[in-house]
Amino acid sequence: MSAAAPPRRVAVAPDVVFRPVAGEAVILDLASQRYFSLDETGTRMWQLLADTGDPAQVVEALLAEYEVERAVLERDLAALVATLLEEGLLRVAE
């Protein structure tokens, strides 16, 4: 089963705090008081999504940084974005 393409623009939800910790990250949703962790690659994806809001730009940046096939990267990013949207950590931006 493949993940659907991510939205064209995303933004970090207003009540979400991100903290890098030893190459990984912790994301805290202040509204629900739940926290989430990301591995090194997920952390880099989050940082780029937070900076650009554009999943297509994130793919291009990560292709320049990592040795990975585009299809694999697009699938993994789409899956992460879908999870982050579902958990309310990201929202679709206008």
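By convention here, each chain's residues receive numbers from 1 onward along its written sequence. Predicted model: local features are reported for residues with pLDDT of at least 70 only, side-chain atom pairs are reported and counted for 80 or more only, and whole-chain, interface and lining totals are derived from all residues. The basis for every side-chain value is the complete set of heavy atoms in the structure, and neither hydrogens nor water enter the calculation.

A. Seen up close, helix α2 (residues 55-65). Every buried residue of α2 is accounted for by Pro55, Val58, Val59 and Leu62. Down the axis, α2 shows its buried residues gathered within 100° of arc, on one side only. In α2, the exposed positions angled more than 90 degrees off the buried face are occupied by Ala56 and Ala64. Its side-chain oxygen 2.9 Å from the backbone nitrogen of Ala56, Asp54 forms the N-cap of α2. Note on exposure labels: buried denotes an accessible area under 20% of the residue type's maximum, exposed denotes more than 50%, and partly exposed covers the range between, all computed with a 1.4 Å probe on protein chains only. Runs of H or I in DSSP of at least four residues are treated as helices and runs of E of at least two as strands, each being numbered from the N terminus. What the arc measures is the spread of directions leading from the helix axis to the C-beta atoms. Nitrogen and oxygen atoms within 3.5 Å of one another constitute a polar contact, given that in protein one can donate a hydrogen and the other can accept it, and given that sequence-neighbouring residues count only through two side-chain atoms.

B. Seen up close, the side chain of Thr43. Positionally, Thr43 belongs in helix α1 (residues 40-52). Thr43 sits in the buried class, given a relative accessible area of 4%. In what follows, a contact means two residues having at least one pair of non-hydrogen atoms within 4.5 Å. What Thr43 contacts, discounting residues up to four positions off in sequence, is Phe18, Gly23, Glu24, Ala25 and Leu38.

C. Here's a closer look at the environment of Ser32. Position of Ser32 among the secondary structure elements: in the loop between β3 (24-29) and β4 (34-38). Residue Ser32 is classed as partly exposed on the basis of its relative accessible area, which comes to 35%. Ser32 sits 56 residues away from Gly88 along the chain, and the two C-alpha atoms are 9.5 Å apart. A polar side-chain atom of Ser32 sits 3.3 Å from a polar atom in the side chain of Asp29.

D. Region of the structure containing the nonpolar core. Throughout this description, the term nonpolar core refers to a set of buried Ala, Val, Leu, Ile, Met, Phe, Trp, Tyr and Cys residues connected via side-chain atoms within 4.5 Å. In terms of nonpolar packing, the biggest core is built from 22 residues, with Ile27, Trp46, Leu49, Leu77, Leu89 and Leu90 touching the most fellow members. Elements represented by at least two residues in this core include exactly β2 (16-21), β3, β4, α1, α2 and α3 (70-86). It is α3 that provides the largest number of residues to this core, a total of five residues. Setting aside anything within four residues of it in sequence, one finds Ile27 in contact with Val16, Val17, Phe18, Arg34, Tyr35, Phe36, Leu38, Trp46 and Leu89.

E. View of the pairing of β4. Pairing between strands is defined by DSSP: at least two bridges between the two strands are required. Here five bridges tie β3 to β4, and the two strands are oriented antiparallel to one another. The residue of β4 that forms the bridge with Ala25 is Leu38. Taken together, β3 and the strand that follows it, β4, pair antiparallel across an intervening segment of four residues, in which Gln33 is found at a positive phi of about 60°.

F. Structural context of the packing of α2 against α3. What counts as an axis is a line fitted to C-alpha atoms, over the stretch in contact for a helix, and the angles between N-to-C directions run from 0 to 180 degrees. As a packed pair, α2 and α3 sit with axes 10 Å apart at the nearest point and diverge in direction by 135°. As far as their axial angle goes, α3 and α2 are oblique. Between α2 and α3 lies a crossing whose hand is right-handed. Residue-level inspection shows Pro55, Val58, Val59, Glu60, Leu62 and Leu63 of α2 in contact with α3, the latter providing Arg70, Leu73, Glu74 and Leu77. Partitioned by chemical class, the residues of the contact of α2 with α3 number seven nonpolar, no polar and three charged. For classification purposes, an angle smaller than 35 degrees is called roughly parallel, one larger than 145 roughly antiparallel, one from 65 to 115 roughly perpendicular, and anything else oblique. Definitions for this section: a left-handed crossing has its near helix turned counterclockwise from the far helix by less than a right angle. A right-handed crossing has that turn clockwise. Gly counts as polar in this scheme, as do all residues outside two lists: the nonpolar Ala, Val, Leu, Ile, Met, Phe, Trp, Tyr, Cys and Pro, and the charged Asp, Glu, Lys and Arg.

Fair warning: the whole summary comes from geometry, so function is off the table for now.
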